[in-house]
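# Structure assessment
This is what each chain is made of:
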Amino acid sequence: MRFITTLFLALLSLGVMAEPTHRVFVTNEKSNDVSVIDAKSNRVIATIPVGKRPRGIGIAPDGSEVYVAVSGEDKIVVLDPKELKITREFGVGNDPETFAVNPKNGYIYISKEDDAKAEVYDPKTGALIAEIPVGLEPEGVAISPDGSKVIVTSESTNMLHVIAVPEHRVVANILVGARPRAATFNRDGTRAYASSEIGGEVVEVDMASHEIVHRQPLGSDKAKPKDVVLSKDEKLLYVAGGRLNKVMVLDADSLEIKKAIPVGKRVWGLALSRDGSRLYTTDGVSGTVSVIDTGKNEVIATIKVGKFPWGIAIDD
Amino acid sequence: MKRSILTLIPLLLGLYSLAPGAEPLIVKLAYVGEPGTSALAGVRQGLSEANVQGRFLGQEYRLEVLPPAAAEQDLSGEGGFAAVIAALPAPALLSLARGNPDLPVFNITAREDDLRDACLPNLLHVIPSERMLRDAEAQWRRKHPDSGARAHAWDEHFRKYAASQLNKRFREDQGIPMDDEAWAGWAAARMVADLVARRQSADPEGLLAALRGRIDFDGQKGVKMNFRPNGQLSQVIFLVENGRVVGEAPVRGVAGAAGLESLGKSECPAS
């Protein structure tokens, strides 16, 4: 009996990680819903109406919940990735757009474009934990894998703001090219990468000195880069090229452009599978998700989703 | 209680200044023109936004509002201005720019083509020229012959490329809609701030050289903007009809490979 209790408790403690569903969740900004793709068959298995203008999307560290920023209704909607149902929602005020989920404390870090601040919410309770003043039109949010640092980009004041966790205050400001959109960290948090939409470039930042170590223009005025994602081995950086209609593949050390992968029109969002073998894109104007095999860096499937797919997250 | 806090302030400032570069760089800008205009509201908006950026990067921007008569004064040297933003008729503007050759002078209201042809090295035109507006309308009418749309540098109804954010905060902060001249005033202040932050310096001559180089300014019209050899800022022009933005120039399929340069002249006239 005691053995069974111990086993039960052990299972319970293990049980914090939900069994992954291997589903890809895509917000469709103009059809007001979330497309759910089965990653094994590359088929849309469900479309969940969530409210007006869904954009940012993220998954709880334990995989139990999917969070969707519903910009037009000033709220975060919470989905159950197994049941594919809305379980609850909470208000976050004023046009929520992009956010990231802290892998350690589970909080949502969200940029509030019209308020020049970042806000921190506990998604379990919907409580506002902290407000952090940043520059104008904050947009991209990235969190270091150890949860200790957050980068928020301010689009109209061209900065990457580095925020310390748990203090929740800005510890450094890095001036980059015009209209910084998105950022990402490497695994040990020593490097960060950010895209500038109007500047048409990507920078690599040393996170100890907060200095830009490399800067790579993408070579075309059509390049309005958005999401940036590192390959699993951290040797390559994938950049969503916007109107280039391509995902650019850069050397993660030198930022030298290695390849351009044609995808759908107006590519914005990127997400990498946990095993690193697949990269998923949202192609806004085409209304598709492109699936890239990262072994060959080629598109192996194109999946029709809703209107103007924007954000993308994988439960795997 | 109040006194004890006040006595603490110098101490705190002292500690603060121990960090290198912690003292903000004071950057003074002059506005020369009539008060109470949308142009001045634009400059004020740009300045307050520059100060948002400056709070993080260590600059503090201050504005001095001078009457049109100041166009005849020497504003360099003792004034300590980094740049002058002018809302003046063409003759006064030329005299201001000629009288202060080491100061960057931004033209935010005068549209005359002759001013661009004057090609003064320190005179930078943020507001589009007549010719740019005419070219924009001509391109638009080639595709839409019956349209009565008029060309504008800005419109309060424009939403794309984060224009809606700028329109929203301008209206909230200044209490009026953003028009062409307000946009130009805002843009002049913001591009100064971008370059001062990048260079960590506000010396007018260095600033002028930087403005004449590649600035890739984000004027919230979806493209990066730079000054042409004749001092005109390249930019997207909006076509506005019945209070709606119906299109943008360069017009796709008409402008061709010249892109932004299909609107107005770029080069100085051969002397």
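Residues numbered from 1 in each chain as written. Chains lettered and ligands numbered in written order. Predicted model: local features only at pLDDT ≥ 70, side-chain atom pairs only at ≥ 80, totals over all residues. Heavy atoms only, no water.

### Thoughts on the pattern of salt bridges
Going by this rule: Definition used for salt bridges: Asp or Glu carboxyl oxygen within 4 Å of a side-chain nitrogen of Lys or Arg. Helix and strand assignments follow DSSP, with helices taken as H or I runs no shorter than four residues and strands as E runs no shorter than two, numbered in order from the N terminus. Buried, partly exposed and exposed residues are distinguished by accessible area as a fraction of the type maximum, computed with a 1.4 Å probe on protein chains only: under 20%, between the cut-offs, and over 50%, respectively.
Tallying each qualifying case throughout the model produces 40 salt bridges over all chains. The salt bridge partner of A:Glu137 is A:Arg179, with a shortest N-O separation of 3.0 Å. Placement of the pair is A:Glu137 in the loop between strand E11 (127-133) and strand E12 (138-143) and A:Arg179 in the loop between strand E15 (169-175) and strand E16 (180-185), with a sequence separation of 42 residues. For A:Glu137, a relative accessible area of 2% corresponds to the buried category. B:Arg199 is paired through a salt bridge with B:Asp203; the nearest N and O atoms lie 3.5 Å apart. Residue class for B:Arg199 comes out partly exposed when judged on its relative accessible area of 31%. Since its relative accessible area comes to 34%, B:Asp203 is described here as partly exposed.

### Comments concerning unusual backbone geometry
Following A:Val165, the chain continues into A:Pro166 via a peptide bond in cis, with omega recorded as 10 degrees. By secondary structure assignment, the location of A:Pro166 is in the loop between strand E14 (159-164) and E15. Following B:Ala249, the chain continues to B:Pro250 via a peptide bond in cis, the omega torsion being 5 degrees. Secondary-structure assignment places B:Pro250 in the segment after strand E10 (244-249). With a phi close to 55 degrees, A:Asn158 is a non-glycine residue in the positive phi region. Mapping A:Asn158 onto the fold places it in the loop between strand E13 (149-154) and E14.

### Focus: a positive patch on the surface
Cut-off, in case you're wondering: Any residue with relative accessible area above 30% and no salt bridge may belong to a patch, with like charges joined within 9 Å and the nonpolar Val, Leu, Ile, Met, Phe, Trp and Tyr side chains within 5 Å. Using a 1.4 Å probe, the Shrake-Rupley method yields the accessible areas, and only the shown protein chains count as cover for residues. Positive charges are assigned to Lys and Arg, negative charges to Asp and Glu, while His and the chain termini are left out of the count. Just so you know, the charge point we use is NZ for Lys, CZ for Arg, CG for Asp and CD for Glu.
A cluster of basic side chains, namely A:Lys222, A:Lys246, B:Lys143 and B:Arg252, defines a positive patch on the protein surface. Along the chain, B:Lys143 falls in helix H5 (residues 130-143).

### Focus: the interface of chain A and chain B
What counts is decided by this rule: Contacts were defined at the residue level, with two residues in contact if any of their heavy atoms lie within 4.5 Å. Throughout, the accessible surface (probe 1.4 Å) given up by two parts as they are put together, summed over both, is called the buried area. Two N or O atoms count as a polar contact when they lie within 3.5 Å, although within protein this holds only if one can serve as hydrogen donor and the other as acceptor, and sequence-adjacent residues are included solely when both atoms are side-chain atoms. Think of it as three bins: nonpolar holds Ala, Val, Leu, Ile, Met, Phe, Trp, Tyr, Cys and Pro, charged holds Asp, Glu, Lys and Arg, and polar takes everything else, Gly as well.
Tallying the contact residues gives 24 residues for chain A and 22 residues for chain B. At the boundary of chain A with chain B, total buried surface from both sides reaches about 1,800 Å², with 51% on carbon and sulfur atoms. Here chain A and chain B share three salt bridges between them. Where A:Asp114 meets B:Lys168, a salt bridge forms, and the shortest distance between an N and an O atom there is 2.6 Å. For the pair chain A and chain B, the number of links is 14 residue pairs in polar contact (both at pLDDT 80 or more). Those elements that place two or more of their residues in the side of chain A that touches chain B are E14 and E15 of chain A. Sorting elements by how many residues they give to the side of chain A that touches chain B places E15(A) first, with three residues. The residue inventory of the side of chain A that touches chain B, partitioned by class, reads eight nonpolar, eight polar and eight charged.

### Observations regarding the packing of aromatic side chains
As a reminder of what qualifies: Stacked, tilted and edge-to-face are the three classes applied to pairs of Phe, Tyr and Trp rings, where Trp contributes its six-membered ring and a pair requires centres within 6.5 Å; stacked means planes under 30 degrees apart, edge-to-face means over 60, and tilted covers the rest. A ring has a charge above it when a Lys NZ or an Arg CZ is no more than 6 Å from the ring centre and no more than 35 degrees off the ring normal.
One pass over the structure, following the stated rule, counts seven aromatic pairs over all chains. Among the aromatic residues, ring-to-ring pairing joins B:Trp154, B:Phe158, B:Tyr161, B:Trp183 and B:Phe238 into one connected group. When the ring centre of A:Phe308 is taken as reference, the NZ or CZ atom of A:Lys30 above it lies at 4.3 Å. The side chain of B:Lys221 reaches across the aromatic face of B:Trp183, ending 4.2 Å from its centre.

### A look at the sheet that holds strand E6 (residues 75-80) of chain A
Residue and element names in this part refer to chain A. Using the following cut-off: Here a strand pair is declared whenever DSSP counts at least two bridges between the two strands. Between the N-to-C directions of two axes lies an angle of 0 to 180 degrees, each axis being a line fitted to C-alpha atoms and, for a helix, fitted only over the stretch in contact.
As summarised here, the arrangement of the four strands in space is E4-E5-E6-E7, forming an open sheet in which the pairing is antiparallel. With one partner strand each, in any of the chains shown, strand E4 (54-59) and strand E7 (85-91) form the two edges of the open sheet. Adjacent strand axes in the sheet meet at a mean angle of 25 degrees, parallel and antiparallel pairs treated alike. The sheet contact formed by E6 and E7 spans six bridges and is antiparallel. Looking across to E7, one finds that Val-77 is bridged to Glu-89.

### A look at the packing of helix H2 (residues 38-57) of chain B against helix H6 (residues 163-174) of chain B
All names here are of chain B. Quick note on the threshold: Each angle is binned into one of four classes, with values under 35 degrees roughly parallel, values over 145 roughly antiparallel, values of 65 to 115 roughly perpendicular, and all other values oblique.
Two elements in contact, H2 and H6, have axes whose closest approach is 11 Å; the angle formed by their N-to-C orientations is 105 degrees. Between H2 and H6, the interaxial angle falls into the category roughly perpendicular. In this structure, H2 uses Ala-41, Gly-42, Arg-44, Gln-45 and Glu-49 to contact H6, whose residues at the interface are Leu-166, Arg-169, Phe-170, Asp-173 and Gln-174. Its residues assigned to classes, the contact of H2 with H6 comprises three nonpolar, three polar and four charged.

### Looking at helix H8 (residues 204-211) of chain B
Along H8(B), the positions that sit buried rather than exposed are B:Gly206, B:Leu207, B:Leu208, B:Ala210 and B:Leu211. On its buried face, H8(B) sits against strand E3 (81-87), strand E4 (105-107), strand E5 (123-125) and helix H7 (180-199) of chain B.

### Comments concerning the environment of A:Pro54
All names here are of chain A. Its location among the elements puts Pro-54 in strand E4. Expressed as a C-alpha distance, the spacing of Pro-54 and Asp-74, which sit 20 residues apart in the sequence, is 10.0 Å. Residue contacts for Pro-54: discarding those within four places in its chain leaves Thr-27, Asn-28, Glu-29, Asn-32, Asp-33, Val-68, Ala-69, Val-70 and Trp-310.

### Notes on the confidence of the model for chain A
Put simply, the rule is: Residue-level confidence of the predictor is what pLDDT reports, using numbers from 0 through 100.
Residue-level pLDDT values for chain A average 94, and 95% of them are 70 or greater. This stretch, residues 11-15 of chain A, has a pLDDT under 50; its non-local contacts, to residues over four places away or in other chains, come to zero contacts.

### Points about the nonpolar core
Residue and element names in this part refer to chain B. Formally: We define a nonpolar core as any set of buried Ala, Val, Leu, Ile, Met, Phe, Trp, Tyr and Cys residues linked to one another through side-chain atoms lying within 4.5 Å.
In terms of nonpolar packing, the biggest core is built from 52 residues, with Phe-106, Ile-108, Val-126, Trp-183, Met-191 and Phe-227 touching the most fellow members. Elements that contribute at least two residues to this core include exactly strand E1 (25-33), H2, E3, H6, H7, H8 and strand E9 (237-241). Setting aside chain neighbours within four positions, we find Met-191 in contact with Phe-106, Val-126, Leu-211, Ile-215, Phe-217, Phe-227 and Leu-233. Counting residues in hydrophobic clusters, the runner-up holds 22 residues, among them Leu-75, Phe-81, Leu-88 and Leu-120.

### Quick notes on the sheet that holds E10(B)
Residues and elements named next belong to chain B. Spatially, E6-E9-E10 is the arrangement adopted by the three strands of the open sheet, whose pairing is antiparallel. Edge positions in the sheet fall to strand E6 (150-152) and E10, since each of these pairs with one other strand and no more. Ignoring strand direction, the axes of neighbouring strands in this sheet form an average angle of 35 degrees. Of the strand pairs in this sheet, E6 and E9 are connected by three bridges, and their pairing is antiparallel. Across the sheet, the residue bridging to Ala-151 is Leu-239, located in E9.

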